[in-house]
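In case you want the letters, here they are:
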Amino acid sequence: MSTRSLESVIAYNEGVDLLLMSSPKAASALRIAVQADPEFELARVALACALVTADKAGETAKDVKDTVLSSVDLGQEIPGFEGRKLRTRMLVIQPGGIVPWHSHQDRPALIYVMEGTVTEYASNCAVPIVHKTGDISTETKEVSHWWKNTGKTVAKLLSSDVFHDQKTASME
């Protein structure tokens, strides 16, 4: 094994240990990348992305206004959907604003960029994704991510999701 590969193995192991504390799913994805790439080239990229993503996991919302525009209680409309709502929200993100780390495990969503530019840092992507006016993002159960307005102007997003409303579910 070359010195470069040995250094990669050590960095990988240290990174996975750090990652396991904040994002077990990202650590698992990293292990899969290593199995597919014995020379660790892809693994280093995945690790760098995962550590940056994990670093933001504790961040709180910053300079974001989140307004629910409307919602429908799906339990009243469709049998078997008790405790679920279809809702549409407007997110207004100031320059430098952050939508903190979150998962869509139980909340699929469609996000439409109405105005501005936002950057998405996702657990399943090695590079940040830039979303511009007119773009739509599909967020499924595999997605855990955070967003930042890296532009110089306000970003406005329209978010529609199927939300698991714990309050409605506990009342039934």
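Preceding this section is the structure that the text describes.
Residues numbered from 1 in each chain as written. Predicted model: local features only at pLDDT ≥ 70, side-chain atom pairs only at ≥ 80, totals over all residues. Heavy atoms only, no water.

Visitor: Would you explain the overall build of the protein chain in this entry?
Guide: Scanning the protein chain from terminus to terminus reveals 5 helices and 8 strands. Scanning the protein chain from its N terminus toward the C terminus, one meets helices and strands in the order α-α-α-β-α-β-β-β-β-β-β-β-α. Look at the contacts in the protein chain between residues 6 or more apart in sequence, and 68% of them connect residues 24 or more apart. Carbon and sulfur atoms provide 58% of the accessible area of the protein chain, an area that totals close to 9800 Å². (Helix = DSSP H or I, 4+ residues; strand = E, 2+ residues; numbered from the N terminus. Contact = heavy atoms within 4.5 Å. Areas by Shrake-Rupley, 256 points an atom, 1.4 Å probe, with all protein chains shown as cover.)

Visitor: Hey, could you run me through the environment of serine 159 in this one?
Guide: By the secondary structure assignment, serine 159 is in strand β8 (residues 155–164). Exposure remark for serine 159: the relative accessible area of 1% places this residue in the buried category. Sequence separation between serine 159 and leucine 110 is 49 residues, and the spatial gap between their C-alpha atoms is 5.9 Å. Apart from residues lying up to four places away in sequence, serine 159 is in contact with Arg87, Thr88, Arg89, Leu91, Leu110 and Ile111. (Buried < 20%, exposed > 50% of the residue type's maximum accessible area, 1.4 Å probe, protein only.)

Visitor: How do you make sense of the environment of valine 154 when you look at a structure like this?
Guide: Position of valine 154 among the secondary structure elements: in the loop between β7 (144–148) and β8. For the pair formed by valine 154 and valine 64, sequence separation is 90 residues and the distance between their alpha carbons is 9.9 Å. With residues near it in sequence (within four places) discarded, valine 154 still touches Val92, Ile93, Gln94, Pro95, Glu115, Gly116 and Asn149.

Visitor: Could you clarify how one ought to interpret the packing of aromatic side chains in this entry?
Guide: The geometry of an aromatic ring pair is captured by the separation of the ring centres together with the interplanar angle, meaning the angle of the planes. Per the counting criterion, the structure on display carries 1 aromatic pair. Both rings, one in tyrosine 121 and one in tryptophan 146, keep their centres 4.2 Å apart while their planes meet at 15 degrees; by these two values the pair is stacked. Of the two residues, tyrosine 121 is situated in strand β4 (residues 117–122) and tryptophan 146 in strand β7; the sequence distance between them amounts to 25 residues. Here tyrosine 121 falls in the buried class, since its relative accessible area comes to 19%. On the basis of relative accessible area, tryptophan 146 is assigned to the buried category, the value being 3%. (Phe/Tyr/Trp six-rings, centres within 6.5 Å; stacked < 30°, edge-to-face > 60°.)

Visitor: Explain a nonpolar patch on the surface here, please?
Guide: Side chains of Leu110, Tyr112, Met114 and Ile136 sit close together on the surface and give an oily, nonpolar patch of about 360 Å² of accessible area. Looking at the nonpolar patch, the element that brings in the most residues is strand β3 (residues 109–115), giving 3 residues. Overall, methionine 114 belongs to the partly exposed group, its relative accessible area being 35%. (Patch = residues over 30% accessible without salt bridge, like charges linked within 9 Å, V, L, I, M, F, W, Y side chains within 5 Å. Salt bridge = Lys/Arg side-chain N within 4 Å of Asp/Glu carboxyl O.)

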